[in-house]
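Report on the structure
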2 protein chains.
Amino acid sequence: MRALEERPPHASVRDLGVRARAAARVLRSLPTARKVAVLQAIAAELRGRRAEILAANARDVEAALAAGLPEPMVARLRLDGGALEGVAADVEAVSRLPDPVGESTPEDRRPSGIRVSQRRVPLGVLGVIYESRPNVTVDVAALALMSGNAVILRGGRETVHSNAALEGAIHAALAAQGLPSGAVQVIRDPARERMLELLKLDDLVDAIIPRGGAGLHRFCVEHATVPVIVGGIGVVHIYLDESFTREPADVQMAAELIRNAKVQKPSACNALDTLLIHDRALGALPEVARALIEGGVTLLADARSQASLDSAGLPAQPAQDSDYGQEFLALTASLRVVSGLDEALDFIAAHGNHTDVILTRDGAQAARFVQDVDSAAVMVNASPRFNDGAQLGLGAEVAISTQKLHARGPMGLRELTTTKWVVMGDGQIRG
Amino acid sequence: MRALEERPPHASVRDLGVRARAAARVLRSLPTARKVAVLQAIAAELRGRRAEILAANARDVEAALAAGLPEPMVARLRLDGGALEGVAADVEAVSRLPDPVGESTPEDRRPSGIRVSQRRVPLGVLGVIYESRPNVTVDVAALALMSGNAVILRGGRETVHSNAALEGAIHAALAAQGLPSGAVQVIRDPARERMLELLKLDDLVDAIIPRGGAGLHRFCVEHATVPVIVGGIGVVHIYLDESFTREPADVQMAAELIRNAKVQKPSACNALDTLLIHDRALGALPEVARALIEGGVTLLADARSQASLDSAGLPAQPAQDSDYGQEFLALTASLRVVSGLDEALDFIAAHGNHTDVILTRDGAQAARFVQDVDSAAVMVNASPRFNDGAQLGLGAEVAISTQKLHARGPMGLRELTTTKWVVMGDGQIRG
């Protein structure tokens, strides 16, 4: 292993892959206690290197400002002492999660006499591609290591100094624990060609996880030969059923929940995009719309909801067809009146895939909604903002998958593992 | 739904995808009893249309012979009354398997008050690409329907008449059960461009499953934007440990097991490719080699095993580097002497991924082998031929996956499903 410890000064992405695969072989048999120790060591290094990391981050921020990057992007890039302490605390939180590696199904004795089981093992080598948040570098490294995986990280070009400093802290912790630095490696060259090399490294990398906008996901799907776990666009619907608006208390609850769904974090993928309203629930629309408008939301309304808002003196813009099935990631939401559950379900079948909510007091309607809607998360009378690793009980998440293969919804430690079949025999042969 | 029932005479692959997605929405909520009824109806149609199906198959066989196709390919293509009855019986066997759809994890009450669970649901629309065996058309359709999925099938150009007749039987059964024909559709145009269209239909198809040689898998991985479940090449190793050769009875068992691994079905992906022998187990090699040679196997030996065979007067050819990590799919196996478990594990780490076996009487060696080897199936003292859906208890398999995402090893009904999160609340919002 020693020969692999020194990273070549101009390592190619393939070199990183070879080093990652060698490290993965070490990581996959690491006892939980040693993984916990590595994560604790990373948290300590982050705290001990605070000045160095913040100085590196300041260089990135300075360069971003000089390059005229938009303010929200610079904000995502910026680290301060409090944020860095939060990153270190998150690493410690991951170290306290249950380790799924080594779990096994009960042994099943087959008619042939062999005893078979499935044992949970790490995926192996992950490639994670993301944009300007340097905290992702550490979050993903912690989740990968705790689940026994090596990881190759490709961050944005605007975080190159921050990521180098964070990688330095992680490597110091790995070295202190006697583990190879190939366990966590950052691609230092931000050229798009390097990302393409990573996407095609299918003999060395087991999965690519993009974290970013629809364009990044599409790029990965189009070019990767490594399997990609796609988050993709996440369109979120709430369907407001007539039954939910018979009581004033329910109308108030609907207004608060819908406001929470849109306003609490408009940039999140689990924020509301389209509100569907039963035509017999239209009486509740003004109160709901008022809650959204007070939260700063621009409403894009179809003709019937527009008429209802007009009569209440509330502002809305006319919705275009393209405003449905659209992820806004901003303080904008589209409205549409439907004739009932059937139309809502057809609409969601055509446009949904991420998180879809029904607000109803009718158990039969709720059951039909939950059965028919085929999205990563289906909810009854709860804010779509709960589609989140911590809220659903996974502890932390590396991404939210909207594809169906392998993992659907938030991906925690377990979703970074796979299984292998273990067969125990005493000389059995197949007849 | 009625408008979708009539397949357009020149349906594009995209048309098939749209019809499949509509059918998938029906299939995903179908009760188990109705899926069982469809499969029973398919078996009855296959029996009732026996003459028609065999006549269509005879046309394919005639064309294959006229085109000078190699005899093994013609043999794979040929159906007779017995084979067709076997296909019908297999469909009935699938109908008796437990239905994984609708299973749910226990409901977990989160601190926010929401109750969360994960419910098992069908993948949706599958695309399955395969070569000349017409029985695959029916096997895959049965597994897809029983797991609540729609499927688009793309068989070989040499089976076009057989597949049309089989699709006719399946459609008659679907119609009799009031289900849309979009549930099972065969791409009739064998042009490669149609396969490419299927591989890129990522807005309509949830997974591509290729069944065939390494070239087909590579083509799918290179071109698909739909996620692909890869079987890929399957290299199978057996490591013969010194401890297993101390007793004559064990040497005999090793010889029988290794012969079974290679000879019982040499064309299978779980047949032996490379035998690794501990150098202190070389005394057992002649008996093992004799069993293989009597089974018609050509041995490709490294220098040390060649010397052992020479002294016993047994024939072998010198192995080239390329004879290791090579899937033979024929009566050929490579031999290599190693200095012990460490070297065997390093060798398998470099070349293995499918099924790897240790023959040992030493529990510690067995445990290390099972822990370190990262293949779809790892076995102790059992034939690698047991890496098979029926043998491991899955009942039937659509393919054997050697990738790590989603499913690893044989893929039965459960591996054709995914989960969705179900969240039940009473107006909870995120704080």
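Residues numbered from 1 in each chain as written. Chains lettered and ligands numbered in written order. Predicted model: local features only at pLDDT ≥ 70, side-chain atom pairs only at ≥ 80, totals over all residues. Heavy atoms only, no water.

Quick look at the overall build of chain A
Our working rule: Segments assigned H or I by DSSP are reported as helices when at least four residues long, segments assigned E as strands when at least two residues long, and all are numbered from the N terminus. Here the globule rule is a power law, 2.2 Å times the number of residues to the power 0.38, and the radius of gyration is based on C-alpha atoms. Burial here depends on accessible area, computed with a 1.4 Å probe over protein chains only, as a share of the maximum for the residue type. Under 20% is buried, over 50% is exposed, and the range in between is partly exposed. What makes two residues a contact is simply this: any of their non-hydrogen atoms within 4.5 Å. All accessible areas in this document rest on Shrake-Rupley with a 1.4 Å probe, and a residue is counted as covered only by the protein chains that are shown. Just so you know, the count uses Lys and Arg for positive and Asp and Glu for negative, and it drops His and the chain ends. Each charge is placed at NZ for Lys, CZ for Arg, CG for Asp and CD for Glu.
Of regular secondary structure, chain A possesses 16 helices and 16 strands. Relative to a compact globule of 431 residues, whose C-alpha radius of gyration would be 22 Å, chain A shows 24 Å and is just as compact. Dimensions of chain A along its principal axes, counting C-alpha atoms only, are 75 × 70 × 35 Å. For chain A, the residues scored as buried account for 59% of the 431 residues in total. Considering only intrachain contacts with a sequence separation of at least 6, the fraction spanning at least 24 residues in chain A is 70%. In the structure as shown, chain A presents an accessible area of about 16,000 Å², 51% of it carried by carbon and sulfur atoms. Between the averaged position of the 46 positive side-chain charges in chain A and that of its 52 negative side-chain charges there is a distance of 8 Å.

A closer look at the pattern of salt bridges
Going by this rule: Each salt bridge in this description consists of a side-chain nitrogen of Lys or Arg and a carboxyl oxygen of Asp or Glu lying within 4 Å of one another.
By the definition in use, this model includes 57 salt bridges over all chains. Close ionic contact of Lys35 of chain A with Asp99 of chain A constitutes a salt bridge, the shortest N to O distance being 2.9 Å. With a gap of 64 residues between them, Lys35 of chain A in helix H3 (residues 32-48) and Asp99 of chain A in the loop between helix H6 (81-95) and strand E1 (108-109) connect regions that are remote in the sequence. Here Lys35 of chain A and Asp99 of chain A have matching classes, each one buried. Across the salt bridge formed by Asp374 of chain A and Arg408 of chain A, the nearest N and O atoms sit 3.1 Å from each other. Here Arg408 of chain A lies in the loop between strand E14 (399-401) and strand E15 (409-411) and Asp374 of chain A lies in the loop between helix H15 (363-372) and strand E13 (377-382), a separation of 34 residues in the sequence. Where salt bridges share partners, they join Arg21, Arg28 and Asp206 of chain A together with Asp374, Lys404 and Arg408 of chain B into one cluster.

Brief notes about the sheet that holds E13 of chain A
To keep it simple, the criterion reads: Two strands make a pair as long as DSSP finds a minimum of two bridges between them. Only the stretch in contact is used when a helix axis is fitted, and all axes are lines through C-alpha atoms; the angle between N-to-C directions ranges over 0 to 180 degrees.
The 10 strands are arranged E10(A)-E9(A)-E11(A)-E8(A)-E7(A)-E12(A)-E13(A)-E16(B)-E2(B)-E1(B) in an open sheet whose pairing can be described as mixed. The open sheet terminates on both sides in strands that have one partner only, identified here as strand E10 (317-318) of chain A together with strand E1 (108-109) of chain B. Seen against the sheet, helix H12 (residues 285-294) of chain A touches strand E7 (236-240), strand E8 (274-278), strand E9 (298-301) and strand E11 (332-338) of chain A and runs at an angle of roughly 140° to E9 of chain A.

As for the relation of the copies chain A and chain B
For the record, the criterion: To line up the copies, we fit them by least squares on C-alpha atoms, keeping just the residues with pLDDT of at least 70 in both.
Between chain A and chain B, which share one sequence, the superposing operator has a rotation angle of 180° and an axial displacement of 0.0 Å; the RMSD is 0.0 Å. Here the transformation between the copies is reduced to the relation of a two-fold axis. Of the C-alpha atoms belonging to chain A, the one lying closest to the rotation axis is found on His406 of chain A, 1.8 Å away.

Re the environment of Arg14 of chain A
Residue and element names in this part refer to chain A. Position of Arg14 among the secondary structure elements: in helix H2 (residues 13-27). On the basis of relative accessible area, Arg14 is assigned to the partly exposed category, the value being 40%. When the C-alpha positions of Arg14 and Leu199 are compared, they lie 11 Å apart, and in sequence the two are 185 residues distant. Ignoring sequence-local partners within four residues, the contact set of Arg14 consists of Leu201, Asp203 and Leu204.

Without other data, these values stay purely geometric and don't point to any function.
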